[in-house]
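Coordinates in review
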Amino acid sequence: MVDMEANKTCQFCGMFDASFTEEQLDLHYWQACPMLTSCNECGQVIEICSMPEHLLDECTVSERYVKCKKTGLAISKSKLDSWQNSRHCQRPLSGLGSQCPLCFTHLGSSDDEEIWRAHLIDGCPRNPRRE
Ligand code: ZN
Ligand code: ZN
Ligand code: ZN
């Protein structure tokens, strides 16, 4: 019974739907889950909170990206100059945490899943999958 429920709960956003089938859950990951997005470069579905790691390491065009030393975000080499001059390129005041790669809001501890969930589901103004 427990396993059945686990199969009907999104492991990323925590959404539970008793009618979820495996296919519907896949569709949720692919199109609807507010914690996920398709990479703009390669189309792979990735977790928004690990977008920098994806772009820097896994993406088919990872050689085009560099890690911003201040924010930890992955920035296209061709846009690095304008990024570094933008108001978004700032170290968080606390010196900790990470920045939303969609709206550039500074979030608290980057490892805190709840902070990411709250931001991406309820707060992020740039997340196209927010309802
Ligand atoms: Zn989800
Ligand atoms: Zn990619
Ligand atoms: Zn955001």
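Check the entry above for the structure.
What this report covers is the structure whose coordinates are included nearby.

What counts as what
- Residues numbered from 1 in each chain as written.
- Chains lettered and ligands numbered in written order.
- Predicted model: local features only at pLDDT ≥ 70, side-chain atom pairs only at ≥ 80, totals over all residues.
- Heavy atoms only, no water.
- Donors = N, O, S within 2.8 Å, 3.2 Å for Na, K, Ca; no water.
- Tetrahedral: all angles 85-135°; square planar, octahedral: opposite > 155°, others 65-115°.
- Helix = DSSP H or I, 4+ residues; strand = E, 2+ residues; numbered from the N terminus.
- Buried < 20%, exposed > 50% of the residue type's maximum accessible area, 1.4 Å probe, protein only.
- Arc of directions from axis to C-beta.
- Contact = heavy atoms within 4.5 Å.

What to know about the coordination of the zinc ion (ligand 2)
For the zinc ion (ligand 2), every protein donor is listed as Cys39 (SG), Cys42 (SG), His54 (NE2) and Cys59 (SG), and the spread of their distances is 2.1 to 2.4 Å. Each of the 4 donor atoms bound to the zinc ion (ligand 2) contributes to angles spanning 101 to 114°, and the resulting shape is tetrahedral. Ordering the donors of the zinc ion (ligand 2) by residue number gives the pattern C-x2-C-x11-H-x4-C. Of this pair, Cys39 sits in the loop between β1 (36–38) and β2 (45–47) while Cys59 sits in the loop between α3 (51–58) and β3 (65–67); the two residues are 20 residues apart in sequence, bridging distant segments of the chain.

Some words on the coordination of the zinc ion (ligand 3)
Protein coordination at the zinc ion (ligand 3): the donors are Cys100 (SG), Cys103 (SG), His119 (NE2) and Cys124 (SG), at 2.0 to 2.3 Å from the metal. The coordination sphere of the zinc ion (ligand 3) comprises 4 donor atoms, whose angles at the metal cover 101 to 116°; the geometry is tetrahedral. Positions of the donor residues of the zinc ion (ligand 3) along the chain correspond to the pattern C-x2-C-x15-H-x4-C. Residues His119 and Cys124 agree in their burial class; the two are buried.

With respect to helix α2 (residues 22–32)
Along α2, the positions that sit buried rather than exposed are Leu25, His28 and Tyr29. Around the axis of α2, the buried residues are gathered within 95° of arc, so they sit on the same side. Across from the buried face of α2, at angles greater than 90 degrees, the exposed residues are Glu23, Trp30 and Gln31. Where α2 is buried, its residues meet β1 and β2.

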